[in-house]
Amino acid sequence: MPAVSVLKAPANEDGHAGYSSPLDEQRFIVETINRLQQTPDWKDTAVVISHDDSDGWYDHQMSPIVSQSNDSAHDGLTDTSTYGTKASRIAGGYQDRCGYGPRLPLVVVFPKCEGQLR
């Protein structure tokens, strides 16, 4: 195997809401790791699993709103009755960018090593 490989799940298994689910994504990850474990290279392999925004699947708590969005069409978490008024135009605000976004898991999977890690 190459020193570094990048795998991206097909759309129906990538975990994005609307056309996939977390279970589809988990199935892809489990099947991929199970296949890797059957190879002779597994003993020297580390799998880093990272996610993009994943539409909030992985975070049970909303992050704070740091900068109020100025876009009433796409900001469903606020009272839309104030949009279009001067009060709704927050200085330095950006459309559809309210804060930090959801926290995302980063998981590293590797075989149990005897002694110290290399």
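Located above this text is the structure these notes cover.
Heads up: these notes are all about the structure in this document. (Residues numbered from 1 in each chain as written. Predicted model: local features only at pLDDT ≥ 70, side-chain atom pairs only at ≥ 80, totals over all residues. Heavy atoms only, no water.)

This paragraph deals with helix 1 (residues 22-37). With 16 residues, helix 1 should reach 22 Å at 1.5 Å per residue; the first-to-last C-alpha distance of 22 Å fits that figure. Among the residues of helix 1, P22, D24, E25, F28, T32, I33 and L36 are the ones counted as buried. Of the surrounding secondary structure, the elements contacted by the buried residues of helix 1 are strand 1 (47-49) and strand 2 (107-109). (Helix = DSSP H or I, 4+ residues; strand = E, 2+ residues; numbered from the N terminus. Expected span 1.5 Å × (residues − 1). Buried < 20%, exposed > 50% of the residue type's maximum accessible area, 1.4 Å probe, protein only. Contact = heavy atoms within 4.5 Å.)

Let's shift gears to the environment of I33. Tracing the backbone shows I33 in helix 1. Residue I33 is classed as buried on the basis of its relative accessible area, which comes to 11%. Separated by 14 residues in the primary sequence, I33 and V47 have C-alpha atoms spaced 7.9 Å apart. Those residues in contact with I33 that sit more than four places away from it in its chain are W42, V47, I49 and V109.

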